[in-house]
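In case you want the letters, here they are:
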Amino acid sequence: MCKRTIEVPQELGDFMILVWSGLARRTALILNGLSSLAAIAGGLCGYLLLRDTQALLPYAMVVSAASFIYLAAAEVLPRMTAPAGRRETVLQG
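Residues numbered from 1 in each chain as written. Predicted model: local features only at pLDDT ≥ 70, side-chain atom pairs only at ≥ 80, totals over all residues. Heavy atoms only, no water.

Quick look at the overall build of the chain now. Tallying secondary structure elements over the chain gives 4 helices and 0 strands in all. When its helices and strands are written in sequence order, the chain yields α-α-α-α. Here the chain, with 93 residues, has 6% of them falling under the buried criterion. Accessible surface computed for the chain: about 8400 Å², of which carbon and sulfur atoms make up 71%. (Helix = DSSP H or I, 4+ residues; strand = E, 2+ residues; numbered from the N terminus. Buried < 20%, exposed > 50% of the residue type's maximum accessible area, 1.4 Å probe, protein only. Areas by Shrake-Rupley, 256 points an atom, 1.4 Å probe, with all protein chains shown as cover.)

Written out as structure tokens, the structure reads:
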């Protein structure tokens, strides 16, 4: 499925927020279009920068994976192993 068809509701929502905040329809449409162009520019910049930094990608993946493991160990695991009260047990069952 084309990615653009999925973004239509989001773009319409962004447009409506801009109009609701007091901008003229034409101005809101122009600003919404410019923000879409910024996403394309960011994608092109990322593509061009990643071409030169491919050697760093494994290290970035390691840092990312370590961050998720840390979050799981420090935040999620203690909550899962904490003794549940009677109310929590009934709600989960």
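Further notes follow.
With that settled, the discussion passes to a nonpolar patch on the surface. The grouping of Ile 30, Leu 31, Leu 34, Leu 37, Ile 40 and Leu 44 at the surface amounts to a nonpolar patch, some 580 Å² of accessible area in total. Judged by its relative accessible area of 48%, Leu 34 falls in the partly exposed class. (Patch = residues over 30% accessible without salt bridge, like charges linked within 9 Å, V, L, I, M, F, W, Y side chains within 5 Å. Salt bridge = Lys/Arg side-chain N within 4 Å of Asp/Glu carboxyl O.)

As a further point, take helix H2 (residues 25-52). For H2, spanning 28 residues, the distance from its first C-alpha to its last is 42 Å, which sits close to the expected 40 Å at 1.5 Å a residue. Three or more residues of H2 are buried, namely Ala 28, Asn 32 and Ser 36. (Expected span 1.5 Å × (residues − 1).)

Let us look at the confidence of the model for the chain. On average, residues of the chain score 83 in pLDDT, and 88% of them are at 70 or above. The secondary structure element of the chain with the lowest average pLDDT is helix H4 (residues 86-92), at 70, and the one with the highest is H2, at 89. (pLDDT = per-residue confidence, 0-100.)

To continue, consider helix H3 (residues 57-81). Given a rise of 1.5 Å per residue, 25 residues ought to cover 36 Å, and the 35 Å separating the end C-alpha atoms of H3 matches this to within 8%. Along its length, H3 shows its largest kink, about 35°, at Ala 72. (Bend = angle between axes of the 7 residues up to and from the residue.)

To continue, consider the environment of Val 19. Here Val 19 is to be found in helix H1 (residues 3-20). Sequence spacing of Val 19 and Leu 29 is 10 residues, and the spatial spacing of their C-alpha atoms is 8.9 Å. Ignoring any residue separated from it by four or fewer positions in sequence, one finds Val 19 in contact with Arg 25 and Ala 28. (Contact = heavy atoms within 4.5 Å.)

Moving on, we get to the side chain of Asn 32. Assignment of secondary structure puts Asn 32 in helix H2. Contact partners of Asn 32, with chain neighbours within four places excluded, come to Glu 11, Asp 14, Phe 15 and Leu 18.

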